[in-house]
Protein chains: 2
Amino acid sequence: MTNKDARTPASVQDEKSEEAGKSIGWHKAYVEGTRPDLRVPVRQVHLTNGQSVTLYDTSGPYTDPLVDTDVRRGLSPLRENWIIARGDTEEYAGRPVRPEDDGIKHTSPRGGLRNLDAVFPGRPRLPRRGRDGKAVTQLAYARRGEITPEMEYVAIRENVSPEVVRDEIAAGRAVLPANVNHPEIEPMIIGKRFLVKVNANIGNSAVTSSIEEEVEKMTWATRWGADTVMDLSTGRNIHTTREWVLRNSPVPIGTVPLYQALEKVDGRAEELTWDIYKDTVIEQAEQGVDYMTVHAGVRLAYVPLTANRKTGIVSRGGSIMAAWCLAHHKESFLYENFEELCEILAAYDVTYSLGDGLRPGSIADANDEAQFAELRTLGELNRIAKRFDVQTMIEGPGHVPMHKIKENIDLQQEICDEAPFYTLGPLTTDVAPAYDHITSGIGAAMIAWWGTAMLCYVTPKEHLGLPNRDDVKTGVITYKIAAHAADLAKGHPGAQEWDDALSDARFEFRWEDQFNLALDPDTAREFHDETLPAEPAKTAHFCSMCGPKFCSMKISQDIRREHGGTRTEIEEGMAQKSKEFAASGNRVYLPIAD
Amino acid sequence: MTNKDARTPASVQDEKSEEAGKSIGWHKAYVEGTRPDLRVPVRQVHLTNGQSVTLYDTSGPYTDPLVDTDVRRGLSPLRENWIIARGDTEEYAGRPVRPEDDGIKHTSPRGGLRNLDAVFPGRPRLPRRGRDGKAVTQLAYARRGEITPEMEYVAIRENVSPEVVRDEIAAGRAVLPANVNHPEIEPMIIGKRFLVKVNANIGNSAVTSSIEEEVEKMTWATRWGADTVMDLSTGRNIHTTREWVLRNSPVPIGTVPLYQALEKVDGRAEELTWDIYKDTVIEQAEQGVDYMTVHAGVRLAYVPLTANRKTGIVSRGGSIMAAWCLAHHKESFLYENFEELCEILAAYDVTYSLGDGLRPGSIADANDEAQFAELRTLGELNRIAKRFDVQTMIEGPGHVPMHKIKENIDLQQEICDEAPFYTLGPLTTDVAPAYDHITSGIGAAMIAWWGTAMLCYVTPKEHLGLPNRDDVKTGVITYKIAAHAADLAKGHPGAQEWDDALSDARFEFRWEDQFNLALDPDTAREFHDETLPAEPAKTAHFCSMCGPKFCSMKISQDIRREHGGTRTEIEEGMAQKSKEFAASGNRVYLPIAD
């Protein structure tokens, strides 16, 4: 969307990166808040008619030519002074990093040594947490009526007043994920009152990809608009990979701690314990993970409800917890110890993403008893988390046919006191593997229109393989489309200004502006040039479908020129002008499509 | 969707094309009707568990290894005997083909000679029309209570009774486009009671592509599921190209006669006359065009309503008629002569596709006065067409944000007496050129769920260039997804069987079945093999995301194996089985994504 504040030149800090800007059609600008160290980045698109359009920007310092970034050093901790200034946190020694944190067994031939070359070389830091177990969460501050710099930051980004931000957070209708140990992030907010957000999943696995690849995937995803990134790394170097990702990420990072905990017990679900899980949560909280998926809603009694399903349990976290519950015939240790977990998360301001471990994995299983039984438990856990001032969002499905989508968001909002809903798609059919970014993009746009706050992207490789760089981009772009379509349908203030700017450029044949305003300028330009490569075509008054002498938009313009600009002018002018028009010999050539 | 009738072995004519079938995972079969010359093609997918799934098939004889096809000969006229047997049509000399029909001016250096090498070489045929101007339309027959072979054919295809088909056509809620001069088509039906259909546009232009390319694009589009094809050819050889396409097309062909008429007046809109237009309609009706887009709703008085729009008039047909109306300051000659046009179409059973020449071309212009003024006129014209027994569908937008989509289908159904709605998208945002198959696929799925009968595809090149072969495939696949998602949401009988079959294959790790049941088996297989190329992987009990020892579906199966298949078995079994389960040492490895 376009940011009104940002468009008033005074408030825009033009960093004079014109060269850099020109080459890509836009440049990085900053909107200053009430303090010099509060500068909100925006993407300023320069139009050939001299105007400019300012768009929300998630790409971080990497797209600012004046900032020298180095992944070995990490990003500068822009929130550090705000956190310290609150005076409610303290540094402490923290938990020692152990070989098994990187998935290295004591019994391994390498004697349990970590690969020290891989260790993040940036400035050493001590972890920070709330003094004497105090809740240092944005929710706690909001409830106390405090407007933090983080809240002001997102208010500027969202083009609303800081008071609105505080209200939504205080009411639990929005979360601002910002671990006190992740000072590098540019604050963002997730809630139905705000722009719909998109999450991109990255993560290495036992067999594929390196630390560098994951850091690169993260910056690539945010370059195209990912608002948060989940690091779902597994296998070796899981702790070290996460450290590199966190220190270099301008967006909040989410994880599923259960995956690493499972690594620590050699993948034997039944050997998981509360202590191992808790230790892993603290390890990740000290590193700076901003939100964690916790499958505490998968209760022993719900597992049998999945027995008659077509595709059983498709959430990995859900199936791990189901296996644990059955193996011990005990209630989930996550459910049993949920209050203690709340105390831990509150001390770091880690946000809950309560996982839907029993989400449907096929059209046939949508909205069934197992799914909604878990949702009711998530509502119960949401209320407990709020007692501890822990910010909370709720995860949602999955595979759901269009006519069953609305029930999901309506029930979630009712049962979870309007806590932000964070859904995976939903996929609206099972029959199109290799195109599930599209089957799910349809459901994502609809459920976001109806109130879902964040969408977890799905790539073309879903169900088939590991997403590569191109798949990540396709997933992010598809989901930015779904999110923006929803912003329009919700009537988000300013959202349509972006569409209007692009449509104006289209109608006025400003091709370069059309490209630069596009979600993906590179591909738009490339497609245009496949048909009409010549430079002049980019200023020509015709579209490449219609040939040089005619297109419908051109004749619309002729009508206005011949008959006046306004309706009445046209009505008055039509009669007398009709002859001239005929005489004008305006030639019409045939289009390729109607 | 899967066809219940077709699945009963007795009714399926296995053509023993096993070899051919094996190689692509499916083979062509036929369902016989009440007469030996009524054989409905289906796509039978062979599963590794011995079962088979039967899917709707649009690909024509080209995918039947037992039928020898030759584009120079054309397809065999399977409806010819049905048409003759009705005894209400007659052959006649027909209108001579003139050089200008192929866009060649008498004044051209080539002396107005047609390129005779290009002329279709197949069997010479005389055009056919209704005796003494009789209406020979499926609508006329349905109203008389007759069930034609065409109606029985689509009843088998749609898995409903022939009586339902007759009722829907008689009520004007469905159309069966089948020009008496296009006997080659495999009959299909368009209406909200039936499967949602997809149209693909092809067409050469003055500058690009040859006759062969267009014929190849048509067969390529139907191979991937296009239910109808619109030939929007322009420039040279327009008549001859259409002849090749018609003689080789197994699906109904639509056109916009206005384009060719405009060619005949050198692209000077103001020189268009009713006589030139009428002559062009007869020319195309004699060739066998099954439905024609007619922009008779663009009335003089509506043109000023577009003056304050952001993107004016974006329909080419609409802007041509607007230019004509203003040039002469007269009412549209299409509107003025609509009744005579009805008499012509009735004599060949050409179906109307009443064009929305004033559809919005941007989010800002959606659902405005100009658009709905034209829609009301289309409702008036629809009632006139019905008086002449002419089958009619109504075209719809365009660019519409999600929250304004439902009003379009609801108003159209009310104003046009439930005549089939045929929409272009709608695109739900303007900001993603190069991804408009997705921005529009979202709107298409929604409006189809709410009752739209046919969707005109949009390719990634929309707004940017001319679609190539890959773009045509991407457009068709995206729209088949939207159409099937809508069939599921509408609860179309049998629609979910396809999803269920694929999800069963997924849960049971039958990878080959998953690929063969996919909308695009080639790409699904290719994506899978990028991660796990080895053959064994295709039968292995894990998905390529989760590594060899674990995936959530596997653990779901373990749970069933360990604890019994049904819920009660699991409940009873859980306690005593829990120890064995623990002892089973079932190992769980980490997934890449949750």
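Because the structure is predicted, anything quoted here is derived from the model rather than measured.

J.: Please set out the overall build of chain A residue by residue, giving values where relevant.
T.: A tally of regular secondary structure across chain A gives 22 helices and 16 strands. For chain A, the proportion of its 594 residues judged to be buried stands at 68%. Long-range pairs, those at least 24 residues apart, make up 72% of the contacts in chain A between residues at least 6 apart in sequence. For chain A, the exposed area adds up to about 18600 Å²; of that, 52% sits on carbon and sulfur atoms.

J.: So what's going on with the interface of chain A and chain B? Residues and values would help.
T.: Each partner contributes residues to the interface: chain A has 138 residues there, and chain B has 137 residues. Here chain A and chain B share an interface that buries about 11500 Å² over both sides, 64% of which is from carbon and sulfur atoms. Counting across the interface, chain A meets chain B through four salt bridges. Glu 530 of chain A serves as the salt-bridge partner of Lys 461 of chain B, at 2.7 Å between the closest nitrogen and oxygen. Linking chain A with chain B are 16 residue pairs in polar contact (both at pLDDT 80 or more). Ranked by residues supplied to the side of chain A that touches chain B, first place goes to helix H17 (residues 469-489) of chain A with 10 residues. Here the residues of the side of chain A that touches chain B are counted per class, giving 69 nonpolar, 44 polar and 25 charged.

J.: Can you break down the nonpolar core residue by residue, with the values?
T.: For soluble globular proteins, nonpolar side chains are generally found buried alongside one another. Ranked by size, the top nonpolar core spans 298 residues in total, and within it Tyr 277, Tyr 352 and Met 402 of chain A together with Tyr 277, Tyr 352 and Met 402 of chain B carry the most contacts. Contacts of Tyr 277 of chain B, omitting those with residues within four sequence positions, involve Pro 257, Leu 258, Ala 261, Thr 293, Val 294, Phe 333, Leu 334 and Leu 341 of chain B.

J.: Could you give an account of the side chain of Thr 255 of chain A, with specific residues and numbers?
T.: Along the chain, Thr 255 of chain A falls in strand S11 (residues 253-255). For Thr 255 of chain A, the contacting residues outside a window of four places in its chain are Met 230, Asp 231, Arg 242, Gln 284, Val 289, Tyr 291, Met 292 and Thr 293 of chain A.

J.: Give me the packing of helix H9 (residues 257-264) of chain B against helix H10 (residues 274-287) of chain B: which residues, what numbers.
T.: Residues and elements named next belong to chain B. In contact at an axis separation of 9 Å, H9 and H10 are set at 125 degrees when each is read in the N-to-C sense. Classified by the angle between their axes, H9 and H10 sit oblique to one another. The handedness of the crossing between H9 and H10 is right-handed. Here Pro 257, Leu 258, Gln 260, Ala 261 and Lys 264 of H9 come into contact with H10, specifically with Ile 276, Tyr 277, Asp 279, Thr 280, Val 281, Glu 283 and Gln 284. Grouping the constituent residues of the contact of H9 with H10 by class yields six nonpolar, three polar and three charged.

J.: Could you give an account of helix H6 (residues 162-170) of chain A, naming the residues involved and the relevant values?
T.: Residues and elements named next belong to chain A. If you check which residues of H6 are buried, you get Val 164, Val 165, Arg 166, Glu 168 and Ile 169. Buried-residue contacts for H6 involve helix H4 (138-143), helix H5 (149-158) and strand S7 (174-175). The positive-phi residue at the C-terminal boundary of H6 is Gly 172, with phi of around 80 degrees.

J.: Break down empty space enclosed by the protein for me, with residues and values.
T.: One water molecule sets the probe size; rolling that probe over the atoms shows where empty space is left. Residue and element names in this part refer to chain B. Taken as a whole and assessed by the stated rule, the structure comprises 14 cavities of 30 Å³ or more. Its boundaries defined by the atoms lining it, the largest cavity holds a volume of some 370 Å³. Lining the largest cavity are 25 residues, and of these Tyr 56, Gly 225, Lys 480, Trp 498 and Leu 519 lie nearest its centre. For the lining of the largest cavity, the elements supplying multiple residues, two or more each, are strand S3 (39-46), strand S4 (52-56), helix H17 (469-489) and helix H19 (511-517). At four residues, the largest contribution of residues to the lining of the largest cavity is made by H17. When the residues that make up the lining of the largest cavity are grouped by side-chain class, the tally is 14 nonpolar, four polar and seven charged.

J.: Now, about the confidence of the model for chain A: what can you tell me, with residues and values included?
T.: As a note on interpretation, predicted positions should not be read in detail where pLDDT is low. Residue and element names in this part refer to chain A. Summarising the model, chain A shows a mean pLDDT of 88, and 84% of its residues fall at 70 or more. Segment residues 577-594: pLDDT under 50, and 68 contacts once partners within four positions in sequence are set aside and those in other chains are kept. The ipTM, which scores confidence in the relative placement of chains, is 0.91 for this predicted complex, and the corresponding pTM is 0.91.

J.: Can you tell me about the side chain of Thr 459 of chain B, naming the residues and giving the values?
T.: Residue and element names in this part refer to chain B. Relative to the assigned elements, Thr 459 resides in the loop between strand S16 (454-456) and H17. Note on Thr 459: relative accessible area 5%, which makes it buried. Apart from the residues within four sequence positions on either side, Thr 459 is in contact with His 437, Pro 467, Asp 471 and Gly 475.

J.: Describe in detail the environment of Ile 394 of chain A, supporting the description with residues and values.
T.: Residues and elements named next belong to chain A. Locating Ile 394 in the fold gives a position in strand S14 (residues 392-396). Separated by 108 residues in the primary sequence, Ile 394 and Glu 286 place their C-alpha atoms 23 Å from one another. For Ile 394, the residues in contact, after removing those within four places along its chain, are Leu 354, Leu 375, Leu 378, Asn 382, Gln 412, Cys 416, Ala 419, Pro 420, Phe 421 and Tyr 422.

J.: Can you tell me about the pairing of strand S10 (residues 228-231) of chain B, naming the residues and giving the values?
T.: Residue and element names in this part refer to chain B. On S10, burial covers both faces: Thr 228 and Met 230 on one face and Val 229 and Asp 231 on the other are all buried. Bridge count for strand S9 (residues 197-202) against S10 is four bridges, and the pairing is parallel. Bridge pairing links Asn 201 to Met 230 in S10. Inspection of the sheet shows S10 paired to strand S11 (residues 253-255) by two bridges, in the parallel sense. Pairing of Val 229 across the sheet is with Ile 253, part of S11. With helix H8 (residues 238-248) bridging S10 and the parallel S11, this β-α-β connection has right-handed handedness.

J.: I'd like a description of the relation of the copies chain A and chain B, backed by residues and values.
T.: Laying chain A over chain B is done by rotating through 180 degrees and shifting 0.0 Å along the axis; what remains is an RMSD of 0.0 Å. Accordingly, the operation relating the two chain copies is best matched by a two-fold axis. Within chain A, Ile 442 of chain A has its C-alpha nearest the rotation axis, a separation of 2.3 Å. Both copies share a contact surface, since 99% of the interface residues of chain A are interface residues in chain B too.

J.: Give a detailed account of helix H11 (residues 316-328) of chain B, specifying residues and quantitative values.
T.: Residues and elements named next belong to chain B. With 13 residues, H11 extends 19 Å between its outermost C-alpha atoms, agreeing within 8% with the 18 Å of an ideal straight helix rising 1.5 Å per residue. The buried fraction of H11 is high, at 12 of 13 residues. Along H11, the residues classified as buried are Arg 316, Gly 317, Gly 318, Ser 319, Ile 320, Met 321, Ala 322, Ala 323, Trp 324, Cys 325, Leu 326 and Ala 327. For H11, the side-chain oxygen to backbone nitrogen distance between the N-cap and Gly 317 is 3.4 Å, and the N-cap itself is Ser 315. Of the residues trailing H11, His 329 is marked for its positive phi of about 45 degrees.

What counts and what doesn't
Residues numbered from 1 in each chain as written. Chains lettered and ligands numbered in written order. Predicted model: local features only at pLDDT ≥ 70, side-chain atom pairs only at ≥ 80, totals over all residues. Heavy atoms only, no water. Helix = DSSP H or I, 4+ residues; strand = E, 2+ residues; numbered from the N terminus. Buried < 20%, exposed > 50% of the residue type's maximum accessible area, 1.4 Å probe, protein only. Contact = heavy atoms within 4.5 Å. Areas by Shrake-Rupley, 256 points an atom, 1.4 Å probe, with all protein chains shown as cover. Buried area = accessible area lost by both parts, 1.4 Å probe. Salt bridge = Lys/Arg side-chain N within 4 Å of Asp/Glu carboxyl O. Polar contact = N/O pair within 3.5 Å; in protein donor to acceptor, adjacent residues only side chain to side chain. Nonpolar A, V, L, I, M, F, W, Y, C, P; charged D, E, K, R; others polar. Core = buried A, V, L, I, M, F, W, Y, C linked by side-chain atoms within 4.5 Å. Axes fitted to C-alpha atoms, helices over the stretch in contact; angles between N-to-C directions. Parallel < 35°, antiparallel > 145°, perpendicular 65-115°, else oblique. Left-handed = near helix turned anticlockwise from the far one by under 90°. 1 Å grid on protein atoms, 1.4 Å probe; cavity = no way out; pocket = protein on both sides within 12 Å on 5 of 7 lines; lining within 4 Å. Points joined across faces, edges and corners; volume = space filled by probe spheres on them. pLDDT = per-residue confidence, 0-100. Pairing = 2+ DSSP bridges. Right-handed = clockwise from strand over helix to strand, strands pointing away. Least-squares fit on C-alpha atoms with pLDDT ≥ 70 in both. Expected span 1.5 Å × (residues − 1).

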